[in-house]
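An overview of the molecular structure
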Amino acid sequence: MNPGLARLQPYPFEKLAGLKQGIYPPQDKSPIDLSIGEPRHTTPAFILDEIRTHLPEAAVYPKTRGSDVLREVMTEWLRRRFKLPAASLHPDRNILPVNGTREALFAFAQCVIDAREPDPVVMLPNPFYQIYEGAAMLAGARPVYVNCGEANGYIPDFESVPAPVWKHCRLLYLCTPGNPTGAIIGRDTLGKLLELADRHDFIIASDECYAEIYPDETLPPPGLLQVAAELGRDDYHRCIVFHSLSKRSNVPGMRSGFVAGDTQIISAFLKYRTYHGCAMPSYIQAASARAWQDEQHVIENRKMYYEKISAVLGILGPALRVYRPAAGFYLWPETSIPDCDFARGLYATHNVTVLPGSFLSRVANGINPGANRVRIALVPSLAECREAAMRIHEYVRNL
Ligand SMILES: Cc1ncc(COP(=O)(O)O)c(C=O)c1O
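Residues numbered from 1 in each chain as written. Predicted model: local features only at pLDDT ≥ 70, side-chain atom pairs only at ≥ 80, totals over all residues. Heavy atoms only, no water.

Some details on the site of the ligand
As a matter of local geometry, the ligand sits amid 15 residues, with Thr-101, Asp-207, Ser-244, Ser-246 and Arg-255 nearest to it. Residue Asn-179 places a side-chain N or O atom 2.8 Å away from an oxygen atom belonging to the ligand. Between an oxygen atom of the ligand and a side-chain N or O atom of Ser-244, the distance comes to 2.6 Å. Relative to its unbound accessible area of 400 Å², the ligand is 92% covered by the protein chains. Here the shell around the ligand gets three residues from one element, more than from any other, and that element is helix H4 (residues 101–112). Tallied by class, residues from the shell around the ligand come to six nonpolar, five polar and four charged. (Near = heavy atom within 4 Å. Polar contact = N/O pair within 3.5 Å; in protein donor to acceptor, adjacent residues only side chain to side chain. Areas by Shrake-Rupley, 256 points an atom, 1.4 Å probe, with all protein chains shown as cover. Helix = DSSP H or I, 4+ residues; strand = E, 2+ residues; numbered from the N terminus. Nonpolar A, V, L, I, M, F, W, Y, C, P; charged D, E, K, R; others polar.)

Following this line, the structure appears as structure tokens:
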């Protein structure tokens, strides 16, 4: 067996199921689940129509590198969204479709980590999307957690990383906008990380799957490729970004995203994926191409999230220490009692499920940045989010 398997932690939702076991919430209150970041806005009909139209293509094996049309559409979208110089990205060399970013984030570490090296390090934010940690462990690397605390604006405190750790770093996962913090990693920090990547020879894997969920239409969050291009590094050396349709287009079940960046890394990843055997089905490719070409549904999607965030903050603000996230659809409030007790009590008394922050984080430098916080995913309808916020408010008042 791969020894990394024994190091894997149960997934946060398994821990949550354990936490809720044996509790019978009040049946007069409808269950409201704010624990999972699974989008629940309606999938645009044109995407589903496209799947139906292309279903007969299930008769043929799809290509791992995807169709030319799909890669061209993704390239166009990246250029538009991040203002990248047209010539800097080539659909045949810089882009690959993936079956959702989850599998790609995982597979990527297996592809780029050389476990024969002494002590290869994979750095990740803390709290974090648990795939980064599992990917590092199964690739035979040592995960190093970089705390994202309030004092640092909820982005990883890279200043706290000692020089010997940087020296061993081979892969750095970023999550911007962050899950669960909603924090956006700014241009200056991304620029500094690019310098560090050159100095210490590591790859930056920037998970940007929340990049399309932001409050101000005029201020989309910057991405890693954008900052690289602005700094004149438009060969995207050492940079790979991960983008997804799941949150952008409300198709988490379609399993569709892409990776883009450094030509050499993309070429190696294509080779890896050819053997891995994870080509995206052709009808999903066709529907994905349509989705990446349309922005109207994404604008409407954003509006719905920000209506919910404002409504919920208006209700929770007086009761909980909670900030307005820079982007994404999560709230990350502090709790006055331990996060697991808070989540269990809220479920037991009000039938509302939230995720304890410590399920998303580890102790690093003596601190667990998820302790005494919970993640609230504003994925249900506005009415349900409001109702949940009122129940949380009442719960907190009676603590
Ligand atoms: C930070 C982060 N990255 C990646 C993913 C995976 O998204 P998908 O595989 O649907 O693209 C998620 C899903 O919740 C996430 O929160």
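Some thoughts on the pairing of strand S8 (residues 257–261)
Taken across its five residues, S8 has five buried, putting it largely inside the fold. With burial as the criterion, each face of S8 is covered, one bearing Gly-257, Val-259 and Gly-261 and the other bearing Phe-258 and Ala-260. The pairing of strand S2 (residues 95–98) with S8 spans four bridges and is antiparallel. Each bridged residue has a counterpart across the sheet, and for Ile-95 the counterpart in S8 is Ala-260. Note that strand S7 (residues 239–244) and S8 share five bridges and pair antiparallel. By the bridge assignment, Ile-240 is partnered in S8 with Gly-261. (Buried < 20%, exposed > 50% of the residue type's maximum accessible area, 1.4 Å probe, protein only. Pairing = 2+ DSSP bridges.)

Some thoughts on the packing of aromatic side chains
Scanning the entire structure with this criterion turns up 19 aromatic pairs. For the ring pair Phe-128 and Tyr-145, a centre distance of 5.5 Å and an interplane angle of 35° mean the geometry is tilted. Note that Phe-128 is positioned in the loop between strand S3 (121–126) and helix H5 (130–138) and Tyr-145 in strand S4 (residues 142–147), a separation of 17 residues in sequence. With centroids separated by 5.5 Å and ring planes inclined at 65°, the aromatic side chains of Tyr-210 and Tyr-330 adopt a geometry described as edge-to-face. Residue Tyr-210 is located in the loop between strand S6 (203–207) and helix H8 (224–230), and its partner Tyr-330 is located in strand S9 (residues 330–331); the two are separated by 120 residues in the primary sequence. Here the aromatic cluster, defined as three or more aromatic residues joined through ring pairs, consists of Trp-77, Phe-82, Phe-258 and Trp-292. Above the plane of the ring of Tyr-347 lies Lys-20, whose end atom (NZ or CZ) is 4.5 Å from the centre. Over the ring of Phe-269 we find Arg-273; its NZ or CZ atom is 5.1 Å from the centre of that ring. (Phe/Tyr/Trp six-rings, centres within 6.5 Å; stacked < 30°, edge-to-face > 60°. Lys NZ or Arg CZ within 6 Å of the ring centre and 35° of its normal.)

Details of the side chain of Arg-391
Looking at where Arg-391 falls in the secondary structure, it is placed in helix H13 (residues 382–397). Here the side chain of Arg-391 touches Ser-30 through a polar contact of 2.8 Å, landing on its backbone oxygen.

Here's the deal with the pattern of salt bridges
Throughout the structure, instances matching the rule amount to 24 salt bridges. Its salt-bridge partner being Arg-52, residue Asp-49 comes within 2.8 Å of it at the nearest N-O pair. One end of the pair, Asp-49, and the other, Arg-52, are both in helix H2 (residues 45–54), three residues apart, so they sit about a helical turn from each other. Across the salt bridge formed by Arg-116 and Asp-114, the nearest N and O atoms sit 3.0 Å from each other. Note on Arg-116: relative accessible area 74%, which makes it exposed. (Salt bridge = Lys/Arg side-chain N within 4 Å of Asp/Glu carboxyl O.)

A look at a nonpolar patch on the surface
On the surface, Met-1, Leu-5 and Leu-8 cluster together to form a nonpolar patch covering roughly 370 Å² of accessible area. On the basis of relative accessibility, which here comes to 44%, the residue Leu-5 falls in the partly exposed class. (Patch = residues over 30% accessible without salt bridge, like charges linked within 9 Å, V, L, I, M, F, W, Y side chains within 5 Å.)

A word on the environment of Ala-104
Here Ala-104 shows up in helix H4. In sequence terms Ala-104 and Ala-388 are 284 residues apart; their C-alpha atoms lie 34 Å from each other.

Some words on the pairing of strand S5 (residues 169–175)
Counting buried positions over the seven residues of S5 gives seven, a clear majority of the element. Across three bridges, the pairing between S3 and S5 is parallel. Bridge pairing in S5 links Val-121 to Cys-169. Two elements, S5 and S6, share five bridges in a ladder whose sense is parallel. Counterpart to Leu-171 in the pairing with S6 is Ile-203. Between S5 and its parallel partner S6, the chain crosses via helix H7 (residues 187–200), and the hand of that crossover is right-handed. (Right-handed = clockwise from strand over helix to strand, strands pointing away.)

What to know about H7
For H7, with 14 residues, the first-to-last C-alpha span of 20 Å sits near the 20 Å given by 1.5 Å per residue. All of the buried residues along H7 are Leu-190, Gly-191, Leu-193, Leu-194, Leu-196, Ala-197 and His-200. Asp-201 sits one or two residues past H7 and shows a positive phi near 65°. (Expected span 1.5 Å × (residues − 1).)

What to know about the sheet that holds S9
Sheet architecture is open: three strands sit in the order S9-S12-S11, paired in antiparallel fashion. Pairing within the sheet leaves two strands with one partner each, and these edge strands are S9 and strand S11 (355–356). Where S9 and strand S12 (residues 374–377) come together, two bridges link them in antiparallel fashion. Paired with Leu-331 across the strands is Ile-376, a residue of S12.

Thoughts on the sheet that holds S3
The mixed open sheet is built from seven strands, whose spatial order is S2-S8-S7-S6-S5-S3-S4. The open sheet terminates on both sides in strands that have one partner only, identified here as S2 and S4. Adjacent strand axes in the sheet meet at a mean angle of 20° when their direction is disregarded. As paired elements, S6 and S7 share four bridges and run parallel to each other. Counterpart to Ala-205 in the pairing with S7 is Ile-240. Taken strand by strand, H4 contacts S2, S5, S6, S7 and S8, and its axis lies near 160° from that of S7. (Axes fitted to C-alpha atoms, helices over the stretch in contact; angles between N-to-C directions. Contact = heavy atoms within 4.5 Å.)

Interpretation note: all reported values are geometric properties and have no functional meaning in isolation.
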